[in-house]
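Close look at the chain arrangement
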Amino acid sequence: MSDAPTATLVVEPDPGGHRFQAVAAVADLARSFGPVVLLTSAEGRVSPALEVFLGEQVRRGDLTVVDAFDHIHPPTRQMATEVASRCRSGVEGVPVGRAVVMDADQALKRWWAVAPRLMRGLEVRPRIVFMLTRYPARLALTDLTGWRLRGPKAVLAVLGMATGSLHRTVGFSGRDDAATGWIVKRVRDPHYCSAHSRDRAQHRAALGLPADRPLVGIFGAVDARKNPQLVLEAIDAAGLDATLVVAGGFDDEVRAWAAGLDQADRERVFLRDEFLDNDVLDRFVASVDVVPLALTNNGPSGIMGKAQAAAVPVVTAGSRVRAREVEATGTGIACDFTAASIGDAMRRAIGGEVGPVGTPLGEVTADEFAMTLLGVDADGRPFDRRRAMAGGRR
């Protein structure tokens with residue numbers, strides 16, 4: 001790779017979940033190559049997540065944020081048009097060397113059709129990288145639903161590469177999966193936590209949580225897919241005298257569920273409906289006795305990674321990826337997607353069946369994630385997976 005500086009465009013209109021945390025990892029590596037610009041939405045520009053995950057980079061001048069889109073789900077043509085326009089004008093006097101679309105599952109459907117014409121005639125063609133958040137990395141031969149999802153995405157990735165509008169496609173895999181992937185490269189979701197369960201009593205006191213009751217925690221961007229009602233039913237099914245802690249930004253459906261709780265349920269549920277900065281979120285995760293992940297998204301989970309790093313047992317239902325991960329790492333219990341099964345698994349986890357919790361495969365760093373996504377090492381050279389697996393940047 002040339003030593004001449006080149007700019008990086010990072011496209012992420014949606015500030016939800018820990019998307020901007022992933023952006024921060026990519027931007028931290030990409031700034032070594034030249035200017036970095038985040039193309040986000042008007043909502044993303046004013047989101048608390050921007051300050052939490054990216055504020056320091058913005059203040060240092062390492063990242064420029066542009067509200068290029070009116071909505072968090074802009075049309076693919078609009079995204080491609082914005083990238084092509086920035087490539088024509090350059091950034092701070094240097095050419096754009098790469099553009100990374102961070103949540104590209106929808107854009108993948110039409111990018112191959114719209115992007116080539118928009119980028120025709122560019123003096124410098126950028127390297128286009130797509131991050132797929134809903135691509136099943138490993139499937140059993142009998143998983144017809146998974147293959148129906150994976151097959152078309154692989155074909156579309158090849159089609160994008162054939163048209164010259166896409167150069168690298170990356171998808172999440174479980175933290176137990178060290179394979180590199182073929183058409184869609186595999187990247188393990190980072191996991192790190194600034195708090196630890198060994199200080200559980202201290203975290204509970206700081207957060208106003210019950211000191212002497214088992215706590216079951218649902219955290220992060222709390223939408224209906226995380227099924228707080230099902231988890232509450234699971235607590236009942238298992239006969240657990242536990243408090244359900246639900247903390248993070250609620251969607252409207254979860255907010256309505258919380259408002260509709262009767263007095264008896266309200267007394268055994270702790271609710272905190274607001275965006276949590278990373279340190280507060282980490283303390284919440286480290287304060288509970290078990291983190292249930294009752295959701296059918298088949299990919300890995302950032303909250304699960306935090307729980308693993310904090311030595312908090314995980315119960316997972318609805319994902320083969322997460323099931324393989326807890327089995328390989330010894331960090332939790334996989335179960336069926338029913339209140340009875342989830343409740344039984346939580347009872348066993350709280351009772352010490354999982355412990356001692358550890359992560360034999362070692363921490364997945366933000367550096368490893370960013371290098372795998374961009375396909376380069378910390379110095380911009382072609383990616384050497386062995387160096388990344390050995391510990392990130394030199």
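Each residue is numbered by its place in its chain's sequence as written, counting from 1. Reporting in this predicted model follows two pLDDT cut-offs: at least 70 for local features of residues, and 80 or more for side-chain atom pairs to be given and counted; totals over whole chains, interfaces and linings ignore these cut-offs and use all residues. Computation of side-chain values covers all heavy atoms of the structure but excludes hydrogens and water.

**Here we look at unusual backbone geometry**
The phi dihedral of E92 falls on the positive side, at around 55 degrees, and the residue is not glycine. Owing to a relative accessible area of 64%, E92 belongs among the exposed residues under this scheme. The phi dihedral of N227 is positive, around 55 degrees, even though this residue is not glycine. Its location among the elements puts N227 in the loop between β8 (215-222) and α8 (228-237). Classification of residues uses two cut-offs on accessible area relative to the type maximum, computed with a 1.4 Å probe and protein chains only: under 20% is buried, over 50% is exposed, and between them is partly exposed. A run of H or I in DSSP counts as a helix once it spans at least four residues, and a run of E counts as a strand once it spans at least two, with each numbered from the N terminus.

**Concerning the environment of L122**
Note on placement: L122 falls in the loop between α5 (108-118) and β5 (127-132). The sequence separation of L122 and A307 amounts to 185 residues, and the corresponding C-alpha distance is 46 Å. With sequence-adjacent residues up to four places away left out, L122 is seen in contact with A84, C87 and R88. Contacts are assigned to residue pairs that have any heavy atoms within 4.5 Å of one another.

**Notes on the packing of helix α1 (residues 19-30) against helix α15 (residues 366-374)**
Orientation is described by axes fitted as lines to C-alpha atoms, over the contacting stretch for helices, and by angles from 0 to 180 degrees between their N-to-C directions. At a minimum axis separation of 9 Å, α1 and α15 run at an interaxial angle of 75 degrees. Taken together, the axes of α1 and α15 are roughly perpendicular relative to one another. For the pair α1 and α15, the contacting residues are A22, A25, V26, L29 and A30 in the first and A366, F369, A370, M371, L373 and L374 in the second. Of the residues assigned to the contact of α1 with α15, the class counts are eleven nonpolar, no polar and no charged. Here is the rule for angles: anything less than 35 degrees is roughly parallel, anything more than 145 is roughly antiparallel, 65 through 115 is roughly perpendicular, and the remaining ranges are oblique. When residues are sorted by character, Ala, Val, Leu, Ile, Met, Phe, Trp, Tyr, Cys and Pro go into the nonpolar class, Asp, Glu, Lys and Arg into the charged class, and all the rest, Gly among them, into the polar class.

**Observations regarding the pattern of salt bridges**
Here, a salt bridge means any Lys or Arg side-chain nitrogen found within 4 Å of an Asp or Glu carboxyl oxygen. Counted by the stated rule, this structure contains 21 salt bridges. In this structure, the salt-bridge partner of R59 is E51, at a minimum N-O distance of 2.8 Å. Given a relative accessible area of 58%, R59 falls into the exposed group. Taking the relative accessible area as the measure of exposure, E51 reaches 46% and is therefore partly exposed. For D252, the salt bridge goes to R255, with nearest N and O atoms at 3.1 Å.

Treat this as a map of the structure, not an account of what it does.
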